[in-house]
Amino acid sequence: MKILVIGSGGREHALVWKLAQSPRVTKLYCAPGNAGIEQLAACVAIQANDIAGLKSFAQSEDIDLTVVGPEAPLAAGIVDEFRRARLKIFGPTRAAAQLESSKTFSKELMARYHIPTAVSQSFTDLKPALEYLDRQHAPIVVKADGLAQGKGVVVATTLEQARQALIDMLDKKTFGQSGSRVVIEEFLDGEELTIMAFTDGKTVVPMLPAQDHKRVGDGDTGPNTGGMGAYAPAPLGSPALRAAVLDQVLQPVVAAMSKSGSPFAGVLYAGLMVVKGKPYVLEFNARFGDPETEVILPLLKTDLVDVVEAVVEHRLDQLSVEWHDRSAVCVVMTSGGYPGSYETGVPIAGLPEKVLSGDVLVYHAGTKRQGRDVVTAGGRVLGVTGVGPNFTDALQRAYGTVRTISFPGCHYRSDIAQRALRAGTGRR
Ligand code: AMP
Ligand code: GLY
């Protein structure tokens, strides 16, 4: 089977690594890939948003199955386009991907189906938005409606800060079209949890619960990022909580999408806030999370090709998806300055020759090859995952490797998965 993975980050490196283990795969391609992915797959220089280019590549190379990593091509309709050309592809259609690409769409759907989420209002004009804000209390959350790479959310501790965010998004257009509509949302005080699920539009198979670390600094300080690290299985995701999420969130959303005529197939990602033991939806994503995928896939026992195919062929009910009883921790190493502006082209020292071996997986996120060097090429540069029988071991493996790799300006959080350790069990 010939498989094409679309994207160039740590998530796609993890996908390629996992798919490469399948005895069913004869050839793997990645577009455009990165300096780590090229060790496992043939990288082709087609950008993830070049849908026409990707389609003609898939046709000319007789690709049997395409797996989409990032949200932008999904929101732009890559799945619709591939299906029209009778090419098999894993991911939701453009209409279904609106669960991620429009916060207003997902908030309205949740309201209609009584799915637990924060109270919110959506606005396109500054004046009514400011008037609404005047009647609220801080802290309060302001979100750009469209895709903003995890950076379009301002958790304002004062109303003045929220006012400024509204002016920036609606007036100064700091997020361009993505911020031409905003959502003002009630602040939820709790602990965050990610539950992703495979779904074929009918059957929903949740993955292990994971926790992301969105803020750039230790102790959850500083601005939001695309994600500074993750661990799984998160002890917060108890069996009871997972059952509640399946029952109150995932199943109803998938059923609602099918009912509306836009069935959702692929990975549905629920970003949750757990408040007093109850899950509330903060956001949906229409794809694998990054860096959650970097800890989830090493724990997946079932052949990923079998899972992906069952989703694409709408027979997920016939597959049993199994997991390893182990723990995984991913520490993201970023360029200095991220999530603000940063330098690229900085040489990385200490990269192991074989980046994915045994219980340590050094995923490349933003890297490229320059002569004999591997240099930085993005904000998130590497995701270092350690896997072990418990979180103590997984953490030692991850940080032990992080400390052997360096580049000027490199930053990483030193408190990834501390909550899992504090939860005491070291395991679920
Ligand atoms: P989102 O992209 O909607 O998940 O928001 C990014 C991050 O902002 C989340 O991971 C939370 O840390 C924070 N956040 C978003 N919405 C809320 C909310 N209603 N209450 C508290 N924090 C929030
Ligand atoms: N880890 C958050 C995301 O993938 O959007």
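Just so it is clear, the structure is predicted and the values come from calculations on it, not from any experiment.

What counts and how
- Residues numbered from 1 in each chain as written.
- Chains lettered and ligands numbered in written order.
- Predicted model: local features only at pLDDT ≥ 70, side-chain atom pairs only at ≥ 80, totals over all residues.
- Heavy atoms only, no water.
- Near = heavy atom within 4 Å.
- Polar contact = N/O pair within 3.5 Å; in protein donor to acceptor, adjacent residues only side chain to side chain.
- Areas by Shrake-Rupley, 256 points an atom, 1.4 Å probe, with all protein chains shown as cover.
- Helix = DSSP H or I, 4+ residues; strand = E, 2+ residues; numbered from the N terminus.
- Nonpolar A, V, L, I, M, F, W, Y, C, P; charged D, E, K, R; others polar.
- Expected span 1.5 Å × (residues − 1).
- Buried < 20%, exposed > 50% of the residue type's maximum accessible area, 1.4 Å probe, protein only.
- Arc of directions from axis to C-beta.
- Axes fitted to C-alpha atoms, helices over the stretch in contact; angles between N-to-C directions.
- Parallel < 35°, antiparallel > 145°, perpendicular 65-115°, else oblique.
- Left-handed = near helix turned anticlockwise from the far one by under 90°.
- Contact = heavy atoms within 4.5 Å.
- Salt bridge = Lys/Arg side-chain N within 4 Å of Asp/Glu carboxyl O.

Draft legend 1. Spotlight on the site of ligand 1. Around ligand 1 there are 16 residues in total, and Lys 143, Glu 185, Glu 186, Leu 188 and Glu 192 lie nearest to it. At 3.2 Å from an oxygen atom of ligand 1 is found a side-chain nitrogen or oxygen belonging to Glu 283. Calculation on ligand 1 without its partners gives an accessible area of 470 Å², and the protein chains cover 95% of this total. Put simply, the parts of the chain that give the shell around ligand 1 at least two residues each are strand 7 (140-144), strand 8 (153-156), strand 9 (182-186) and strand 17 (278-285). Looking at side-chain class alone, the shell around ligand 1 contains eight nonpolar, one polar and seven charged residues.

Draft legend 2. Looking closely at helix 8 (residues 159-171). End to end, helix 8 covers 17 Å across 13 residues, agreeing with the expected 18 Å (1.5 Å per residue, within 8%). Along helix 8, the residues classified as buried are Ala 162, Ala 165, Leu 166, Met 169 and Leu 170. For helix 8, the angular spread of the buried residues around the axis is 105°, confining them to a single face. Positioned one or two residues after helix 8, Lys 173 has a phi angle of 55°, which is positive.

Draft legend 3. View of the packing of helix 7 (residues 126-134) against helix 8. At a minimum axis distance of 10 Å, the contact between helix 7 and helix 8 shows a crossing angle of 165°. Judged by the angle between their axes, helix 7 and helix 8 are roughly antiparallel. Along this stretch, helix 7 crosses helix 8, giving a crossing that reads as right-handed. Here Leu 126, Ala 129, Leu 130, Leu 133 and Asp 134 of helix 7 come into contact with helix 8, specifically with Leu 159, Ala 162, Arg 163, Leu 166, Ile 167, Leu 170 and Asp 171. Its residues assigned to classes, the contact of helix 7 with helix 8 comprises nine nonpolar, no polar and three charged.

Draft legend 4. Just the pattern of salt bridges, in detail. Scanning all chains against the criterion turns up 28 salt bridges. A salt bridge links Glu 12 to Arg 11, with the nearest nitrogen and oxygen atoms 2.9 Å apart. The class of Arg 11 is buried, set by a relative accessible area of 6%. The shortest N-O distance in the salt bridge between Lys 214 and Asp 212 comes to 3.9 Å.

Draft legend 5. Local environment of helix 7. When we look at burial in helix 7, the residues that qualify are Ala 129, Tyr 132 and Leu 133. Along helix 7, the residues classed as buried sweep out an arc of 100° about the axis, all on the same side.

Draft legend 6. Just the site of ligand 2, in detail. Around ligand 2, the neighbouring residues are Asp 212, Lys 214, Gly 226, Tyr 269, Asn 285, Arg 287, Gly 289, Asp 290, Pro 291 and Glu 292. Within the side chain of Asp 212, one N or O atom sits 2.7 Å away from a nitrogen atom of ligand 2. Within the side chain of Glu 292, one N or O atom sits 2.8 Å away from a nitrogen atom of ligand 2. Here ligand 2 has 200 Å² of accessible area as a free molecule, and 91% of this is covered by the chains.

Draft legend 7. Here's a closer look at the environment of Val 305. When you line up the elements, Val 305 lands in helix 11 (residues 304-312). When the C-alpha atoms of Val 305 and Arg 24 are compared, they prove to be 7.5 Å apart, with 281 residues separating the residues in sequence.

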